[in-house]
Amino acid sequence: MTAEDLAILSPEALPLAARAGHLVGSVIDSSTSLLASMKHDIVRFAMGSPADEAVPIAELREIADAVLSPGSMTYGATEGEPELLESLVGYLSGTADPTAADRVTITAGGMQGLDLACKIFIDPGDLVIVESPTYTNGSATALSYGAQLLEAPLDENGLIVEALPELVAATGRTPKAIYTIPNFQNPSGATLSLERRKLLLELAHRWNAVIIDDDPYGLLRFEGLDIPSFQALSPGDPLVFSVRTFSKILAPGLRVGWVDTDPSLRQLVINAKQAMDTCTNVPAQHLVAEFIRRGRLDSHLAGLRTQYRDRKQAMQASIRRHLGDLVTTTDPEGGFFLWLTLRGDAAQISTRRLFETGLAEGVAFIPGPALSAEGRFDDALRLCFATSTPERTDEGIRRLRRAIDVELGSVAG
């Protein structure tokens, strides 16, 4: 076969695995590349990323000088560096999400934790309940292992767990897993109530379904009271697979997270991870471990909570000022996101089209259909309030209003 023959081979002609057809990618992550290609100024509400000024770069630089050595540049234990495991477990003992060292495996961010959960529990054709809307990187991971998704609705108290038995009965099957983001849900910002957490645990045991508990934001509560985690409500429960990350509370580029599982699963988690990457980034683990050991995490989180509360309130004020009755919004008590739903005349607008117009006007967000496996919520969008200053946010909402006005003109025309 010549080079010319190879060059014209289509993907359909390649010996692809059956799962390749389920690798749907991420609109959210792709927005990073898209925005990097833009030449004009854009206010960025799309990615759920900490603000640059929220990353404690000076402290991390100081710690790097103190702790990094040749020993930081070699392979590490798959389950995680001992100093990080010790520091992390000690820190969590004083939170609403305590754990033990034999439950924790360090991962390359939260996404690897989700991949490990799906790799261990999901077979092709298994039914997996997902929130609707949801973080579609999570549902896409389930799809990559051949899952069949069952979308379940949310309200201001999170996943409507009371609706699940009827939804499941209509499928004629029982779910293998339930994927939930219980605290300050991505994208809605809703928090799962205590009563619904208890009911979800009951249903998981009725169905023998694992709860994939994805909680990147739980330590970022800036209003209200903490709600106990699934692990706290059902200690040692083997049907709870908890996924956590430092991406939202320290820096996403470190790619350090952890999973919290029943100790009987830990070796299986290690085996699955060893088939991926051998170990998580060792220098980054040493940085995070020392940051916690020095007592920096508490004060850092306190600063983030204040900053993100102020930024949420600033975004809400800008929305009231510039968008008025054109939208309704959620009111999260923590996390990163507001969920906007268009109303009145604006409800006719497709947020997929609005996304393109918004880019032209200089503002980026995630349109609602990107946050549903079935492409629902064409009248809704997600905004990240964590990344931008109040002044920058106000300019971004002003640009969003201009984009809405352009689309309203198109609809009227």
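Predicted, not measured: the structure shown is a model, and the values here were computed from it.

So, how was this worked out
Residues numbered from 1 in each chain as written. Predicted model: local features only at pLDDT ≥ 70, side-chain atom pairs only at ≥ 80, totals over all residues. Heavy atoms only, no water. Pairing = 2+ DSSP bridges. Helix = DSSP H or I, 4+ residues; strand = E, 2+ residues; numbered from the N terminus. Contact = heavy atoms within 4.5 Å. Axes fitted to C-alpha atoms, helices over the stretch in contact; angles between N-to-C directions. Core = buried A, V, L, I, M, F, W, Y, C linked by side-chain atoms within 4.5 Å. Buried < 20%, exposed > 50% of the residue type's maximum accessible area, 1.4 Å probe, protein only. Phe/Tyr/Trp six-rings, centres within 6.5 Å; stacked < 30°, edge-to-face > 60°.

(A) Molecular detail of the sheet that holds strand β8 (residues 240-245). With mixed pairing, the eight strands of this open sheet are ordered in space as β2-β9-β8-β7-β6-β3-β4-β5. Either end of the sheet is taken by a strand with one partner, and the two such strands are β2 (104-107) and β5 (158-159). Sheet topology note: the strand β7 (residues 210-214)/β8 ladder contains four bridges and is parallel. Its bridge partner being in β8, isoleucine 212 is matched across the sheet by phenylalanine 241. Sheet strands touched by helix α10 (residues 263-274): β2, β8 and β9 (257-260). Its angle to β2, the strand with the most contacts, is close to 15°.

(B) The nonpolar core, seen in detail. In terms of nonpolar packing, the biggest core is built from 71 residues, with Phe246, Tyr308, Ile319, Leu340, Leu383, Leu400 and Ile404 touching the most fellow members. Once you skip the residues sitting within four places of it in the chain, leucine 400 turns out to touch Leu323, Leu340, Leu354, Val363 and Phe365. If you look at the next biggest cluster of nonpolar residues, it comprises 25 residues, including Tyr135, Ala147, Phe241 and Val259.

(C) Examining the packing of aromatic side chains more closely. Enumeration according to the criterion identifies nine aromatic pairs in this entry. Ring geometry for tyrosine 217 against phenylalanine 337: centres 5.9 Å apart, planes inclined by 85°, an arrangement best described as edge-to-face. Linking tyrosine 217 in the loop between β7 and α9 (230-233) with phenylalanine 337 in strand β11 (residues 337-342), this pair joins segments that are 120 residues apart in sequence. Tyrosine 217 gets classed as buried once you look at its relative accessible area, which sits at 2%. Classification of phenylalanine 337 as buried rests on a relative accessible area of 1%. Measuring from centroid to centroid gives 5.8 Å for tryptophan 339 and phenylalanine 377, while their planes differ by 80°, and the two rings are edge-to-face. With tryptophan 339 in strand β11 and phenylalanine 377 in the loop between β13 (366-367) and β14 (380-384), this pair connects stretches of sequence that are 38 residues apart. For phenylalanine 377, a relative accessible area of 24% gives the class partly exposed. Following the ring pairs from residue to residue traces out a cluster consisting of Tyr217, Tyr308, Phe336 and Phe337.

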